[in-house]
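Single-letter residue listing:
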Amino acid sequence: NTPLVIAIDGPAASGKGTLARRLADYYHLAHLDTGLTYRAVAHLLLARGWPLDDTAHAVEAARLVDLGNLDRSTLAAHAVGEAASKVAVIPEVRRILVEKQRAFANTPGGAVLDGRDIGTVVCPNADVKLYVTASAEVRAKRRHDEIEANGGQADLGEILADIRRRDERDTGRADSPLKPAVDAHLLDTSEMDIEAAFLAARTIVDDVMATRGKI
Ligand code: C5P
């Protein structure tokens, strides 16, 4: 039996990251948030004062990304996410990161990867593909509440505008745009909390595994 690979894609703040972590825990799989790899490139460019739109510099930064050393806290900053979606349009950067992500997907015990192009480009042969969405309004509200819960201040209108801008950049780019793979299971979490989403995802995974005789 080949190890289980789960691909999860979706827009910013759709809940795909939390879902990916929960599924990885539950099925005892390694987990990679591929957004962190794009964030790591952006962070390095920002830290060195290198331009975000220069291919040679971005390629050098992408080569330096070490999957074993991605620090979520330094990469979480809003500005890093914005910059990440800019470097993510550079095909040469994507090629380098995708290669590292594919190596991770081959983890002997199986893996969950989440991002924008996992089901379409990184792991087209994944056992299970989930496309997680929610309306832009719901995603903005979630992000807003999360920031406030952590003691921060946030403007809902600004967050919504931001999310819409990021969606446009991610779905509109020529190389590997965000879109559901043809064989992805759609999971709209607009009306679901994380427990409900987790349960729905488990049902999908268990169903697919049962059909394939993997469980
Ligand atoms: O998911 P996260 O917000 O961390 O991703 C940051 C940016 O990295 C996204 O807006 C997207 O442009 C890019 N990205 C990508 N492909 C992935 C993961 C992230 O292009 N697989």
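Computed from a prediction, not measured in an experiment: that's the story for all the values here. Residue positions are counted from 1 within each chain, in the order its sequence is given. Whole-chain, interface and lining totals are the exception, using all residues; otherwise, since this is a predicted model, local features are given only for residues with pLDDT of at least 70 and side-chain atom pairs are given and counted only at 80 or more.

### Some words on the overall build of the chain
Helix and strand labels come from DSSP, where a helix needs a run of H or I of at least four residues and a strand needs a run of E of at least two; each type is numbered from the N terminus. Summing up its helical and strand segments, the chain has 10 helices and 5 strands in all. Note on method: radius of gyration uses C-alpha positions; expected globular size equals 2.2 Å times residues raised to 0.38. Over its C-alpha trace the chain gives a radius of gyration of 17 Å, about what one expects of a compact globule, namely 17 Å for 215 residues. Overall, the chain is about 50 × 35 × 30 Å in size when its C-alpha atoms are taken along their principal axes. With C-beta atoms placed from the backbone, a residue is labelled by how many other C-beta atoms lie within 10 Å of its own: buried for 20 or more, exposed for 12 or fewer, partly exposed between the two. Taking all 215 residues of the chain together, 38% fall into the buried category. Residues are scored as being in contact if the C-beta atoms we place from backbone atoms lie within 7 Å. Taking as baseline every contact in the chain between residues at least 6 positions apart, the subset at least 24 positions apart corresponds to 75%.

### Digging into the UniProt feature "domain: Cytidylate kinase" (unreviewed entry) in the chain
When the UniProt feature table is mapped onto this chain, "domain: Cytidylate kinase" (unreviewed entry) is found at residues 6-195. Helix makes up 54% of residues 6-195 and strand 12%, with an end-to-end C-alpha separation of 18 Å. UniProt positions are given in the numbering used here, feature names are shortened, and annotations may be inferred rather than shown by experiment.

### As for the environment of P3
By secondary structure assignment, the location of P3 is in the segment before β1 (5-9). P3 sits in the partly exposed class, given 15 other C-beta atoms within 10 Å. Linking P3 and L29, residues 26 residues apart in sequence, is a C-alpha distance of 9.1 Å.

### Description of the nonpolar core
Core analysis: the biggest nonpolar cluster contains 27 residues, and I6, I8 and L113 have the highest contact counts within it. Listing elements by their share of this core, those giving two or more residues are β1, α1 (16-27), β3 (111-115), α7 (118-122), β4 (128-133) and α10 (194-211). If we skip the residues at most four places from it in the chain, I6 touches L23, L29, V112, A126, D127, V128 and V205. Among the nonpolar cores identified, the runner-up in size contains 18 residues, and A40, A42, V80 and I90 belong to it. Think of a nonpolar core as buried Ala, Val, Leu, Ile, Met, Phe, Trp, Tyr and Cys residues, each tied to the set through C-beta atoms within 7 Å.

### Here's the deal with the UniProt feature "binding site: ATP" (unreviewed entry) in the chain
In the numbering used here, UniProt assigns the "binding site: ATP" (unreviewed entry) feature to G10, P11, A12, A13, S14, G15, K16, G17 and T18. Of note, A12 is situated in the loop between β1 and α1. The buried category is assigned to A12, around which 22 C-beta atoms lie within 10 Å. Those residues in contact with A12 that lie beyond four places of it in its chain are R139, I163 and R166. For A13, the location among the structural elements is in the loop between β1 and α1. The class for A13 is buried, based on 22 C-beta atoms found within 10 Å. Excluding anything up to four places from it in sequence, A13 contacts R139, R142, R143 and I163.

### Things to note about the domain arrangement of the chain
Each domain span listed reflects an automatic or database assignment of domains. For the chain, the domain assignment lists domain 1 (1-29 + 110-215) and domain 2 (35-106). Here domain 1 and domain 2 have C-alpha centroids that lie 20 Å from each other. Counting residues at the interface gives 13 residues for domain 1 and 10 residues for domain 2. At the level of secondary structure, the elements contributing two or more residues to the side of domain 1 that touches domain 2 comprise β3, α7 and α9 (156-172). Under the convention adopted here, Pro, Cys and the residues Ala, Val, Leu, Ile, Met, Phe, Trp and Tyr are nonpolar, Asp, Glu, Lys and Arg are charged, and Gly plus all remaining residues are polar. Of the residues that constitute the side of domain 1 that touches domain 2, the class distribution is 6 nonpolar, 2 polar and 5 charged.

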